[in-house]
Amino acid sequence: MNPIATAPAMPYEPAPVRLGVAPEALDGPRVISMANQKGGVAKTTSTVNLAAALKERGKRVLVVDLDPQSNLTMSFGIDPEYLEKSMFDVLVHRLPIREVIHEREVDVAASSIDLAGAELALSSQIGRERSLEKAIAEVKHNYDFILFDTPPSLGLLTINAFTASTGVIVPVQLEYLSLRGLVQLETTLQMIREHLNPVVKIEGILPTMVEGRTVHGREALELLQANFRDLVFETRIKKSVKLAEAPVQGGSVLTYQPDGVGANAYRALAEEVLSRVE
């Protein structure tokens with residue numbers, strides 16, 4: 001028996017309308033965390049290509065790599081092993097963030113493996129949850145969108161991202177266990193709203209690595225839509241070899257294969273994001 005088909009509804013009742021941010025948060029740039037505590041859901045791929053699609057629409061975009069694996073940094077052709085300064089120095093040593101920003105297809109605040117020690121280093125600091133919020137304050141006025149690529153966990157780095165964000169986009173693979181993780185993420189966001197950032201909410205849920213021909217995938221999508229309704233983006237990111245190849249060339253799929261299915265999907269996502277936040 002297929003577990004998706006018979007699974008009970010998730011213990012989370014979304015609002016009947018899209019969850020957006022409160023009106024008081026609309027001034028200034030949109031600061032969006034790309035987050036999912038489960039790895040392998042195309043989170044970095046979506047950060048890279050959504051950023052490029054927003055830039056293509058004339059938006060000023062900064063992406064911030066908060067994952068010690070540095071996949072976002074490498075996706076823009078930056079070798080983290082040769083970085084003298086990175087997001088570790090920004091968060092732990094209060095280095096101005098402009099000193100780790102590299103001009104690429106979009107602006108990139110780069111990270112390295114040093115970031116793996118940031119949570120321990122920050123743990124004894126007062127106001128540790130607001131380190132990122134303070135760091136981006138000096139450059140926020142230079143951008144229309146700031147996207148955080150978060151690590152696959154709900155630890156202190158992700159908490160920093162949520163505290164500094166106006167919204168969260170959740171890339172999710174269409175698997176039942178991946179969907180259950182959305183409940184935990186929303187619980188974490190509720191705690192953030194209560195104690196650190198009253199306006200951060202889920203801007204949208206992005207189905208990724210979609211294989212429409214499988215029964216499992218179709219049922220998982222139906223379950224996602226039944227439980228999260230208008231939060232689910234209309235855009236579907238299908239599995240694509242070109243999406244995997246693009247980082248090797250040091251950029252987005254929009255530059256690697258501008259007329260391809262993947263590039264057009266992320267352009268459609270950018271349109272949806274703009275319609276939701278502007």
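Reference entry: report on the structure contained in this document. (Residues numbered from 1 in each chain as written. Predicted model: local features only at pLDDT ≥ 70, side-chain atom pairs only at ≥ 80, totals over all residues. Heavy atoms only, no water.)

**Looking at the packing of helix H7 (residues 156-164) against helix H8 (residues 176-195)**
Two numbers describe how H7 lies on H8: the axes approach to 10 Å, and their chain directions differ by 60 degrees. Here H8 runs oblique to H7, going by the angle between their axes. You can see that H7 and H8 cross each other, and the crossing is right-handed. Contacts from Ile159, Phe162 and Thr163 of H7 reach H8 at Thr188, Leu189 and Ile192. Among the residues forming the contact of H7 with H8, the class breakdown is 4 nonpolar, 2 polar and no charged. (Axes fitted to C-alpha atoms, helices over the stretch in contact; angles between N-to-C directions. Helix = DSSP H or I, 4+ residues; strand = E, 2+ residues; numbered from the N terminus. Parallel < 35°, antiparallel > 145°, perpendicular 65-115°, else oblique. Left-handed = near helix turned anticlockwise from the far one by under 90°. Contact = heavy atoms within 4.5 Å. Nonpolar A, V, L, I, M, F, W, Y, C, P; charged D, E, K, R; others polar.)

**Side note on the nonpolar core**
Of all hydrophobic cores here, the largest spans 35 residues; its most connected members are Leu50, Val63, Phe145, Ile169 and Val273. At the level of secondary structure, the elements contributing two or more residues to this core comprise strand E1 (30-34), helix H2 (43-56), strand E2 (61-65), strand E5 (145-149), helix H11 (253-256) and helix H12 (261-277). Looking at which element gives the most residues to this core, the answer is H12, with 8 residues. The contacts of Val273, once residues within four sequence positions are left out, are Ile32, Leu50, Phe145, Ile169 and Phe233. Membership of the second largest hydrophobic core comes to 28 residues, among which are Leu62, Met87, Leu115 and Ala164. (Core = buried A, V, L, I, M, F, W, Y, C linked by side-chain atoms within 4.5 Å. Buried < 20%, exposed > 50% of the residue type's maximum accessible area, 1.4 Å probe, protein only.)

**Some details on unusual backbone geometry**
Backbone geometry places Ser70, a non-glycine residue, at a positive phi of 60 degrees. Here Ser70 is to be found in the loop between E2 and helix H3 (71-75). The exposure class of Ser70 is buried, given its relative accessible area of 1%. Here the phi dihedral of Arg94 falls at roughly 60 degrees; this positive angle occurs in a residue that is not glycine. Along the chain, Arg94 falls in the loop between helix H4 (87-93) and strand E3 (101-103).

**Let's talk about the sheet that holds E2**
What the 7 strands build is an open sheet, ordered E3-E4-E2-E5-E1-E6-E7; its pairing is mixed. The open sheet terminates on both sides in strands that have one partner only, identified here as E3 and strand E7 (201-208). Taking the axes of each pair of neighbouring strands and ignoring which way they run, one obtains an average angle of 25 degrees across the sheet. Summarising the sheet, E3 and strand E4 (residues 107-109) pair through 3 bridges and their orientation is antiparallel. Bridged to Glu103 within E4 is Asp107. In the packing of H2 onto the sheet, the strands contacted are E1, E2, E5, strand E6 (167-173) and E7, and the crossing angle to E5 comes to about 170 degrees. (Pairing = 2+ DSSP bridges.)

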